[in-house]
Amino acid sequence: MKKYLFLIPGILLISGCGNHFNLNENVTDKNLTLINQDSTKVIYPEIIKNKIAVIGFLYTHCPDICPLTTHNMQLVEEKLSKDELNKVKFYLISFDPERDTPSILKQYAEVRNINMTHWELLTGNKNTIDTLLNEFNVKAIHDDTVYNKQGQPEYFIIHTDRISLVDEDGILRKNYKGSTANPEELVNDIKYLE
Amino acid sequence: MKYLFLFFLIFYQGGNNIEVRSAWIRPAPATFNTAFYCTIINNNDTADTLYKAASGISDDVQIHETYMKNDMVGMRPVKFLVIAPHDSLIFKPGSYHIMMMNLKETASENTIKEISLYFKRAGELKVKAAVKSQH
């Protein structure tokens, strides 16, 4: 028995290697048709595979928290090198498909100078989006609807504040609070996956 | 009569010693919602109350706060906010903000937009805010 004691540090080291991330969930067992900001149909999970996916969840009628989430993801993008960026893609998924049409998402991206080379903004029909939110355990609850002076519905959404990191195999590795995420932490986690 | 005039002049100056600093607005296209942020400093010996905001770029302007509960976030309107004497109130992302809904025109980065803040004592203060992505 004593002759095998020298193996223990090595075993501990190897078992520790897989524990950088706190999650190990497959989020690709549902096939879903989504629509991107160019009104192009895309298939999930194919769209997120073979790249490290940084996924934010938002609705464009949110003026405060969701822009923070977007901004944090843009900060992550800025901190990655060109080579590192080639292995990463950023996604914004709207949980307000009734109002966040492809053209609305496109305007949202344009006004924020989002570099569409590395980004995709996604919407879809309500059932599809609900299924996708379920995969990531993201909740979005409509508040009461009121009508503004132009007769358009106005409601706010209480929602999970989230950025999710998914590896190239479609495994969810870590969740972050979207509005207060530390870009440095995300960058380090991305580099760990590369 | 001139002493009465001077009294009202001093009173007006004293009641209007509210400063608004670091005002900015998030960029947003027309018809979108956006948020206005700033720091309000009450240099007076008495409290004042912000009860309304208005702007030519939106017909629906409300005082709002973002709140967090567990890992969920939401927003709710706030009827008024009191700023204590010699104190300040900060409107910042993730906290209090002035919500501007259904913009009548695009708020483009690097432009200036005007907003009016209404106080019970200081009255209307017109503020120019820079449109920028993040402060």
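Model, not experiment: these values are computed from the prediction. (Residues numbered from 1 in each chain as written. Chains lettered and ligands numbered in written order. Predicted model: local features only at pLDDT ≥ 70, side-chain atom pairs only at ≥ 80, totals over all residues. Heavy atoms only, no water.)

**Q** Go over the overall build of chain B, please, and point to the residues and values.
**A** Assigned secondary structure in chain B consists of one helix and ten strands. Put simply, chain B runs from its N terminus to its C terminus through helices and strands in the order α-β-β-β-β-β-β-β-β-β-β. Expressed as a percentage of the 135 residues in chain B, the buried residues total 47%. Excluding contacts between residues fewer than 6 apart, the proportion of contacts in chain B whose partners are at least 24 apart in sequence is 67%. Total accessible area computed for chain B in this model is approximately 7000 Å², and 55% of it derives from carbon and sulfur atoms. (Helix = DSSP H or I, 4+ residues; strand = E, 2+ residues; numbered from the N terminus. Buried < 20%, exposed > 50% of the residue type's maximum accessible area, 1.4 Å probe, protein only. Contact = heavy atoms within 4.5 Å. Areas by Shrake-Rupley, 256 points an atom, 1.4 Å probe, with all protein chains shown as cover.)

**Q** Run through the state of the cysteines, naming residues and quoting values.
**A** Counted by the stated rule, this structure contains zero disulfides over all chains. The thiol of C66 of chain A is not disulfide-bonded; the next cysteine sulfur, from C62 of chain A, is found 3.2 Å away. (Disulfide = S-S within 2.5 Å.)

**Q** Summarise the nonpolar core; cite the residues concerned and give the values.
**A** Ranked by size, the top nonpolar core spans 93 residues in total, and within it F136 of chain A together with F36, F91 and I98 of chain B carry the most contacts. By residue number, the principal contributor to this core is strand 4 (residues 52-58) of chain A, which donates six residues. Not counting chain neighbours up to four residues away, the residues in contact with F136 of chain A comprise V27, Y44, I55, F57, R162, S164, V166 and L172 of chain A. (Core = buried A, V, L, I, M, F, W, Y, C linked by side-chain atoms within 4.5 Å.)

**Q** Tell me about the side chain of D100 of chain A, and please be specific about residues and values.
**A** By secondary structure assignment, the location of D100 of chain A is in the loop between strand 5 (88-94) and helix 4 (102-111). For D100 of chain A, the side chain forms a polar contact with the side chain of T60 of chain A, separated by 2.5 Å. (Polar contact = N/O pair within 3.5 Å; in protein donor to acceptor, adjacent residues only side chain to side chain.)

**Q** How would you sum up the interface of chain A and chain B? Please name residues and give values.
**A** Chain A puts 32 residues into the contact, and the matching count from chain B is 33 residues. Summing the contributions of chain A and of chain B, the shared interface buries around 2500 Å²; its carbon and sulfur component is 58%. Three residues, P63, D64 and F156 of chain A, lead the burial of chain A against chain B; their summed loss comes to 25% of the area buried on that side. When residues of the side of chain A that touches chain B are traced back to their parent elements, those giving at least two are helix 2 (65-79), helix 4 and strand 10 (157-160) of chain A. Taken together, the residues that form the side of chain A that touches chain B break down as 13 nonpolar, eleven polar and eight charged. When strand 10 of chain A meets strand 5 (residues 72-77) of chain B, the two strands line up antiparallel, connected through two bridges. Directly across from H159 of chain A, in strand 5 of chain B, lies its bridge partner V73 of chain B. (Buried area = accessible area lost by both parts, 1.4 Å probe. Nonpolar A, V, L, I, M, F, W, Y, C, P; charged D, E, K, R; others polar. Pairing = 2+ DSSP bridges.)

**Q** Can you lay out helix 2 of chain A for me, pointing to particular residues and giving the numbers?
**A** Owing to its 3.6 residues per turn, the α-helix aligns residues three or four sequence positions apart on the same side. Residue and element names in this part refer to chain A. Under the 1.5 Å per step criterion, the end-to-end length of helix 2 is 22 Å for 15 residues, consistent within 8% with the ideal 21 Å. For helix 2, the tally of buried residues reaches twelve of 15 residues, placing the bulk of the element in the interior. Buried within helix 2 are the following residues: I65, C66, P67, L68, T69, T70, H71, N72, M73, Q74, V76 and E77. (Expected span 1.5 Å × (residues − 1).)

**Q** Describe the confidence of the model for chain A, listing the residues and the values that go with them.
**A** For chain A, the mean per-residue pLDDT works out to 90, and 91% of the residues sit at or above 70. Here residues 13-17 of chain A scores under 50 on pLDDT; set against residues more than four positions off or in separate chains, the count is one contact. (pLDDT = per-residue confidence, 0-100.)

**Q** Hey, could you go over the pairing of strand 8 (residues 96-101) of chain B for me, with residue numbers and the actual values?
**A** Residue and element names in this part refer to chain B. Counting buried positions along strand 8 gives five out of six residues, so the element sits mostly inside the fold. Direction of pairing for strand 2 (residues 34-42) relative to strand 8: antiparallel, over a ladder of three bridges. Within the sheet, the bridge partner assigned to F36 lies in strand 8 and is I98. Pairing geometry for strand 4 (residues 60-69) and strand 8, over six bridges, is antiparallel. Paired with E65 across the strands is Y96, a residue of strand 8.

**Q** I'd like a rundown of the side chain of T39 of chain B, residues and numbers included.
**A** For T39 of chain B, the position within the fold is in strand 2. Look past the residues within four positions of T39 of chain B in its chain and what remains in contact with it is E19, V20, R21, S88, L89 and I90 of chain B.

**Q** For the packing of aromatic side chains, give the residues involved together with the corresponding values.
**A** Under the counting rule described, the total for this entry stands at seven aromatic pairs over all chains. Measuring from centroid to centroid gives 5.6 Å for F21 of chain A and Y192 of chain A, while their planes differ by 85 degrees, and the two rings are edge-to-face. Separated by 171 residues along the polypeptide, F21 of chain A in the loop between helix 1 (7-17) and strand 1 (25-26) and Y192 of chain A in helix 6 (residues 183-193) bring together distant segments of the chain. Arranged with centres 5.4 Å apart and planes meeting at 55 degrees, the rings of F57 of chain A and F136 of chain A form a pair that is tilted. Placement of the pair is F57 of chain A in strand 4 and F136 of chain A in the loop between helix 5 (126-135) and strand 7 (140-142), with a sequence separation of 79 residues. The pair F57 of chain A / F136 of chain A is uniform in exposure class, with both members buried. The positively charged end of K52 of chain B is found above the aromatic ring belonging to Y118 of chain B, 4.5 Å away from the centroid. Sitting above the plane of the Y67 of chain B ring, R76 of chain B keeps its charged end 4.1 Å from the centroid. (Phe/Tyr/Trp six-rings, centres within 6.5 Å; stacked < 30°, edge-to-face > 60°. Lys NZ or Arg CZ within 6 Å of the ring centre and 35° of its normal.)

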